[in-house]
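Each chain, written out:
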Amino acid sequence: MSEFSDFCNMLREESGMTIYHIAKVSGIERTALNRMLNGRRFPKYEDVDLFCEVLRASEKEKEHIRKLYLMEKVGKSRYENYRYIQDFLYELDQGESYAMPPEQILPGNTDGDRKPFVNGRKGVKNLICNILEQEYRQQGIVGMYTNFPVYEDTLPAAVGFYEKKYKKEVPLCHFHILNVNPEKYYDSGCNLKVLHSALKWIFSKGRSYIPYYTYSQMMLNDLELQFMPYYLITDCTVLLVSDNFQQGILLEEPDMVLFYQKRMLAIRQQMHRLFQMDVEMDTGKKVFPKEGEGENDRICTPGDSGRKLQHIDVGLCEKGVILSREGAMDGGLTVMVTESSLCKSFHDYFSYLNEMADIEEVRKCGSKKGCTPDRTY
């Protein structure tokens with residue numbers, strides 16, 4: 001038995017109808033219906049739709065049974081990844097960013113001495129803002145390096161604030177860790193979360209944000225075993241941060257800073273660029289057009305208020321996934337993702353969209369008088 005078959009049985013029991021009666025009214029073969037309810041046969045959606053109509057299921061119940069049907073068909077982790085992709089595409093389309101209100105930027109004492117050690121999340125946040133204030137006030141800045149995790153939004157929000165304040169961009173190399181086999185990791189969407197964060201960065205910061213990645217079996221939750229695993233390195237400072245962002249160590253001795261900068265250059269040469277820049281959207285198969293581009297507009301989030309993409313194009317090609325957003329920095333930005341697990345997730349996602357489109361057609365067909373879906377067994 002599965003969640004899908006359990007829910008179907010619950011609907012049948014609440015209706016008071018027998019399997020024989022349901023089969024007779026719906027036209028579904030009784031043996032096939034019995035196997036569906038016992039979890040021994042995965043049905044076609046046409047049968048599920050007829051089953052719901054005969055039992056007079058509510059729209060909420062129909063929506064839930066569609067969710068369980070797809071979840072069982074593709075697997076729970078993949079289904080959750082599909083939902084995550086469609087949600088973050090919609091958020092990016094709406095201009096999702098790491099905006100930080102000015103009152104939340106803690107003023108830094110950039111002209112005086114700074115403590116070499118800070119304790120507490122507020123102290124670490126203050127030190128990050130202090131370092132960035134100093135960095136953006138300088139002339140001839142080379143750039144910054146970090147490996148801050150995707151869930152930590154203080155850095156991108158503060159970077160956006162100081163770029164607007166000083167009207168300048170500072171190149172930022174961001175080193176990410178991707179899991180070798182995310183489907184077997186406890187969080188199968190870990191790589192997608194990295195992509196989501198990187199897209200938010202690049203669509204708001206532009207080409208001065210340069211994300212890299214490497215593979216590891218060790219992920220974010222494993223870093224608590226390491227001492228000060230995160231860092232922010234600028235032209236003049238090195239900030240080492242604990243895994244929970246409660247402690248920070250500041251290094252300002254020139255030789256020590258130079259040592260870390262050289263290490264960053266060596267690390268960067270061993271990593272891969274997450275995005276290829278300035279690719280042509282026409283090189284991909286355009287599968288996710290913006291709203292208003294034709295009668296075949298693709299619904300961004302099926303079954304979820306019909307939300308559509310208005311500013312983002314997503315395309316698939318042999319080399320990878322292409323994402324383009326209007327209005328990103330200097331009028332628009334197009335990037336291509338070639339990392340294998342991320343490409344596979346998007347290819348699977350569009351297969352899921354096609355499945356959803358087929359289900360929607362069945363629903364529309366079934367709601368029309370005299371229209372009977374073609375059923376084969």
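Here the structure is shown first, and the text comes after it.
Residues numbered from 1 in each chain as written. Predicted model: local features only at pLDDT ≥ 70, side-chain atom pairs only at ≥ 80, totals over all residues. Heavy atoms only, no water.

Participant: Talk me through the sheet that holds strand β5 (residues 230-233); I want residue IDs and the actual numbers.
Facilitator: Spatially, β1-β7-β6-β5-β2-β3-β4-β8 is the arrangement adopted by the eight strands of the open sheet, whose pairing is mixed. The open sheet is flanked by β1 (117-119) and β8 (272-273), the only strands paired with a single partner. Pairing between β1 and strand β7 (residues 247-251): three bridges, direction antiparallel. Each bridged residue has a counterpart across the sheet, and for Val118 the counterpart in β7 is Gly248. (Pairing = 2+ DSSP bridges. Helix = DSSP H or I, 4+ residues; strand = E, 2+ residues; numbered from the N terminus.)

Participant: Tell me about the packing of helix α6 (residues 76-93) against helix α9 (residues 190-205), residues and numbers included.
Facilitator: One can describe the packing of α6 onto α9 by two numbers: an axis separation of 11 Å at closest approach and a directional angle of 5°. What the angle tells us is that α6 and α9 run roughly parallel. For the pair formed by α6 and α9, the contact residues are Asn81, Tyr84, Ile85, Phe88, Glu91 and Leu92 on the first element and Leu192, Lys193, Leu195, His196, Leu199, Lys200 and Phe203 on the second. Of the residues contributing to the contact of α6 with α9, the split by class is eight nonpolar, two polar and three charged. (Axes fitted to C-alpha atoms, helices over the stretch in contact; angles between N-to-C directions. Parallel < 35°, antiparallel > 145°, perpendicular 65-115°, else oblique. Contact = heavy atoms within 4.5 Å. Nonpolar A, V, L, I, M, F, W, Y, C, P; charged D, E, K, R; others polar.)

Participant: Describe α9, with residues and values.
Facilitator: Helix length check: α9, at 16 residues, gives a terminal C-alpha distance of 23 Å against a target of 22 Å (1.5 Å per residue), a fit within 8%. For α9, a buried count of 14 out of 16 residues is recorded, marking the element as mostly surrounded by other parts of the structure. Two residues or fewer past α9, Gly206 is found with a positive phi of approximately 85°. (Expected span 1.5 Å × (residues − 1). Buried < 20%, exposed > 50% of the residue type's maximum accessible area, 1.4 Å probe, protein only.)

Participant: How would you summarise unusual backbone geometry if you had to cite specific residues and measurements?
Facilitator: Residue Lys167 is not a glycine yet carries a positive backbone phi of 55°. In this structure, Lys167 sits in the loop between α8 (154-166) and β3 (172-179). Residue classification places Lys167 among the exposed positions, given a relative accessible area of 73%. If you check the backbone angles, Phe245 has positive phi at about 60° while not being a glycine. Along the polypeptide, Phe245 turns up in the loop between β6 (238-241) and β7.

Participant: Give me the pattern of salt bridges: which residues, what numbers.
Facilitator: Here the structure, examined in full by the defined rule, presents 11 salt bridges. Across the salt bridge formed by Glu53 and Lys62, the nearest N and O atoms sit 2.7 Å from each other. Taking the relative accessible area as the measure of exposure, Glu53 reaches 39% and is therefore partly exposed. Here Arg66 ties to Glu63 by a salt bridge, and the two come within 2.6 Å at their closest N and O atoms. Linking Arg66 with Glu63, this pair stays in helix α5 (residues 59-74), spanning three residues, or about one helical turn. Judged by its relative accessible area of 6%, Arg66 is buried. Within this structure, Arg78, Glu183, Lys344 and Asp348 form a network of salt bridges that share partners. (Salt bridge = Lys/Arg side-chain N within 4 Å of Asp/Glu carboxyl O.)

Read these as layout, nothing more, since geometry by itself doesn't imply function.
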